[in-house]
Amino acid sequence: MTAYMDHKNLANEVIDTARAQEIADGVHRVLERVSTAESKAGREAGSVKLLAATKTRDVGEIMAAIDAGVRMIGENRPQEVTAKAEGLLGQCAQRGLTLGAAADDTAAGNAEGEHIPFHLIGQLQSNKIGKVLPVVDTIESVDSVELAEKISRRAVARDITVGVLLEVNESGEASKSGCDPAHAIRIAQKIGTLDGLELQGLMTIGAHVDDEATIRKCFAHLRRTRDLILESKTPGTGHCLELSMGMTGDMELAIAEGSTIVRVGTAIFGERAFI
Ligand SMILES: *Cc1c(COP(=O)(O)O)cnc(C)c1O
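Scope of this entry: the structure provided in the associated data block.

What counts as what
- Residues numbered from 1 in each chain as written.
- Predicted model: local features only at pLDDT ≥ 70, side-chain atom pairs only at ≥ 80, totals over all residues.
- Heavy atoms only, no water.
- Axes fitted to C-alpha atoms, helices over the stretch in contact; angles between N-to-C directions.
- Helix = DSSP H or I, 4+ residues; strand = E, 2+ residues; numbered from the N terminus.
- Left-handed = near helix turned anticlockwise from the far one by under 90°.
- Contact = heavy atoms within 4.5 Å.
- Nonpolar A, V, L, I, M, F, W, Y, C, P; charged D, E, K, R; others polar.
- Near = heavy atom within 4 Å.
- Polar contact = N/O pair within 3.5 Å; in protein donor to acceptor, adjacent residues only side chain to side chain.
- Expected span 1.5 Å × (residues − 1).
- Buried < 20%, exposed > 50% of the residue type's maximum accessible area, 1.4 Å probe, protein only.
- Salt bridge = Lys/Arg side-chain N within 4 Å of Asp/Glu carboxyl O.

A separate point is the packing of helix H3 (residues 59–67) against helix H4 (residues 78–94). Between H3 and H4, whose axes approach to 10 Å, the crossing angle comes to 35 degrees. For the pair H3 and H4, the crossing hand works out as right-handed. Here H3 contributes Val59, Ile62, Met63 and Ile66 to the contact with H4, which in turn contributes Lys84, Gly87, Leu88, Gln91 and Cys92. Split into classes, the residues belonging to the contact of H3 with H4 amount to six nonpolar, two polar and one charged.

Attention now moves to the site of the ligand. Close to the ligand lie Ala53, Lys55, Asn76, Ile121, Ile205, Met247, Thr248, Arg263, Val264, Gly265, Thr266 and Arg272. At 2.8 Å, a backbone N or O of Gly265 approaches an oxygen atom of the ligand. At 2.9 Å, a side-chain N or O of Arg272 approaches an oxygen atom of the ligand.

Moving on to helix H9 (residues 212–232). Across its 21 residues, H9 extends 30 Å between first and last C-alpha, which sits within 8% of the 30 Å expected from 1.5 Å per residue. Of the residues making up H9, those classed as buried are Ile215, Cys218, Phe219, Ala220, Leu222, Thr225, Arg226 and Ile229. Among the structural elements, helix H8 (184–192), strand E8 (197–203), strand E9 (242–244) and helix H10 (251–256) are those in contact with the buried residues of H9. Phi for Lys233, located one or two positions after H9, is positive at around 55 degrees.

So, on to the environment of Gln200. Tracing the chain through its elements places Gln200 in strand E8. Along the chain, Gln200 and Thr161 lie 39 residues apart, while their C-alpha atoms are 12 Å from each other. Not counting residues up to four positions away in its chain, the partners in contact with Gln200 are Thr138, Gly163, Val164, Leu165, His239, Cys240, Leu241 and Glu242. In terms of polar contacts, Gln200 uses its side chain to reach the side chain of Glu198, at 3.0 Å.

This part covers the side chain of His119. Its location among the elements puts His119 in strand E5 (residues 118–120). Polar contacts involving the side chain of His119 include one to the side chain of Glu140, which spans 2.6 Å. Here His119 is in contact with Leu51, Met72, Ile73, Gly74, Glu75, Val136, Asp137, Thr138, Glu140 and Ile261, once residues within four sequence places are set aside.

Even without glycine at this site, Asp159 takes up a positive phi of about 60 degrees. Assignment of secondary structure puts Asp159 in the loop between helix H7 (145–158) and strand E7 (162–167). Residue Asp159 is classed as exposed on the basis of its relative accessible area, which comes to 72%. Of note, the phi angle at Lys233 is positive, near 55 degrees, even though the residue is not glycine. Structurally, Lys233 is set in the loop between H9 and E9.

Applying the stated criterion across every chain, the model contains 14 salt bridges. Among the ionic pairs, Asp67 bridges to Arg95, the shortest N-O distance being 2.7 Å. Highlighted residues: Asp67 in helix H3 and Arg95 in the loop between H4 and strand E3 (98–99), separated in sequence by 28 residues. For Arg95, a relative accessible area of 32% translates into the label partly exposed. Across the salt bridge formed by Arg71 and Glu114, the nearest N and O atoms sit 3.1 Å from each other. On the criterion of sequence distance, the pair formed by Arg71 in the loop between H3 and strand E2 (73–75) and Glu114 in the loop between helix H5 (103–106) and strand E4 (115–116) is long-range, its members being 43 residues apart. Owing to a relative accessible area of 44%, Glu114 belongs among the partly exposed residues under this scheme. Sharing partners across several salt bridges, the network here consists of Lys8, Arg19, Glu22 and Glu61.

Here we come to the environment of Ala103. Its place among the elements puts Ala103 in helix H5. The buried category is assigned to Ala103, whose relative accessible area is 13%. Aside from chain neighbours lying at most four places away, what touches Ala103 is Thr98 and His115.

Written out as structure tokens, the structure reads:
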């Protein structure tokens, strides 16, 4: 279906030590960038979480990032979630870690273990909701009431609560998903009322331009939107705290504007060979 998946075995669990070291160095460099940006912005150390964006990376590469200190991962495509789930769960269990939605099943026997949240950060077609809910615990790419309602119905049927971030297209670029910023507050307030979902915050992808002021303006607007949603105090919006914004090229700007989750791929794993 997706061509690159024929060229790379995403379920592969064993990588050589040089590659593992390269990934560990990437993680350490990114953690350093995050902490420098936090302190430059006058923000508390540890107030920004690092999510490793793992599209096109195999299980072995992802575990190298986790072994180097990554404590949150995100996938773009449901097919990749499915291809890697079993390997990731097995590898995490060996390390006493719980991962994503599976934490509910394993928590009893693993109360001491650290938990690694597993987010979906790419577009979700409604016919794939059932595939991802057993694996991921948060969906960052919810951009409409209709999609939220469909996830809600599935979550209620499974008797689980799914974390949700509302994706907002702050740059207005036609190539980007996300709701119209003018409708974000109304959509967030509606999501807050849906059973089986916890509205945890907002997500955006930075403008694809060189001008730093334009990029910052979009991030600042997402933060103000989050603040207005919180101030509205409408039912189910009290946990709308996260701002998932900032990637390899713009994480410093996002952190300066209040990001709480940066989603980083290239700076950890290197350039992607596919897509
Ligand atoms: C790939 C991706 C990232 C990470 O991008 P890099 O530039 O490689 O850091 C972040 N968010 C989303 C939604 C992505 O698809």
